[in-house]
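Residue strings, one per chain:
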Amino acid sequence: MVRKESKSITFDNLDNCEDILSFLDYKKDNSMYRIRTIYEGDNIKFEIDEYIEPEKAYVLSFEGNIDICDKVNNDLKALNDIHKI
């Protein structure tokens, strides 16, 4: 016999969700494998993270002087618009 539920379940409490998953014998795994490359310039630092697991992804972040960061953000906006998913 197969039973199909027609109603969706809404979770509003993370602790309750983790308790239910634990009861169902699911184990929490926060493993992430990445390679981080850091570039530093005048008043700005870039970090490029290449995530290997759980899935392949690239993340670019930068921090520093607000004026410089705003300019870099505007310069990269066109590339981000083309490549974002």
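Everything below is about the structure shown above.
Because the structure is a prediction, the values reported are computed rather than measured.

*Asks:* Any chance you could explain the pairing of strand S2 (residues 44-53) here in plain terms?
*Replies:* It is a general feature of regular strands that their side chains alternate between the two faces of the sheet. Alignment of strand S1 (residues 33-41) against S2, held across nine bridges, turns out to be antiparallel. Paired with Tyr-33 across the bridge in S2 is Glu-53. Alignment of S2 against strand S3 (residues 57-64), held across eight bridges, turns out to be antiparallel. From the neighbouring strand, Ile-48 faces S3, where its bridge partner is Leu-60. Hairpin connection, S2 to S3: the antiparallel pair is bridged by three residues.

*Asks:* Just to check I follow, could you spell out the sheet that holds S1 for this structure?
*Replies:* Paired through backbone hydrogen bonds, the strands of a sheet run either parallel or antiparallel to each other. The three strands are arranged S1-S2-S3 in an open sheet whose pairing can be described as antiparallel. Each of the sheet's edge strands pairs with one partner strand only, and the pair in question is S1 and S3. Ignoring which end each strand starts from, the neighbouring axes of this sheet average 15° apart. Strand contacts of helix H2 (residues 66-83): S2 and S3, with the helix running at about 150° to S3, the strand carrying the most contacts.

*Asks:* Please clarify how the side chain of Glu-47 should be interpreted in this entry.
*Replies:* Relative to the assigned elements, Glu-47 resides in strand S2. The class for Glu-47 is buried, based on a relative accessible area of 16%. Among residues more than four places away in sequence, those in contact with Glu-47 are Arg-36, Thr-37, Ile-38, Val-59, Leu-60 and Ser-61.

*Asks:* So what exactly am I meant to see when it comes to unusual backbone geometry here?
*Replies:* Excluding glycine, residues mostly carry a negative phi; peptide bonds, for their part, are mostly trans. Phi at Asp-25 is positive, roughly 70°, even though this residue is not glycine. Along the chain, Asp-25 falls in the loop between helix H1 (14-23) and S1. A positive phi is found at Asn-43, a non-glycine position, where the angle reads about 65°. Assignment of secondary structure puts Asn-43 in the loop between S1 and S2.

*Asks:* Sorry, what's going on with a nonpolar patch on the surface here?
*Replies:* There is a patch of nonpolar side chains on the surface, built from Ile-9, Phe-11, Ile-20, Leu-21, Phe-23, Leu-24 and Tyr-26 and spanning about 830 Å² of accessible area. Mapping Ile-9 onto the fold places it in the segment before H1. Exposure remark for Ile-9: the relative accessible area of 64% places this residue in the exposed category.

Each value, and the rule that gives it
- Residues numbered from 1 in each chain as written.
- Predicted model: local features only at pLDDT ≥ 70, side-chain atom pairs only at ≥ 80, totals over all residues.
- Heavy atoms only, no water.
- Pairing = 2+ DSSP bridges.
- Helix = DSSP H or I, 4+ residues; strand = E, 2+ residues; numbered from the N terminus.
- Axes fitted to C-alpha atoms, helices over the stretch in contact; angles between N-to-C directions.
- Contact = heavy atoms within 4.5 Å.
- Buried < 20%, exposed > 50% of the residue type's maximum accessible area, 1.4 Å probe, protein only.
- Patch = residues over 30% accessible without salt bridge, like charges linked within 9 Å, V, L, I, M, F, W, Y side chains within 5 Å.
- Areas by Shrake-Rupley, 256 points an atom, 1.4 Å probe, with all protein chains shown as cover.
- Salt bridge = Lys/Arg side-chain N within 4 Å of Asp/Glu carboxyl O.

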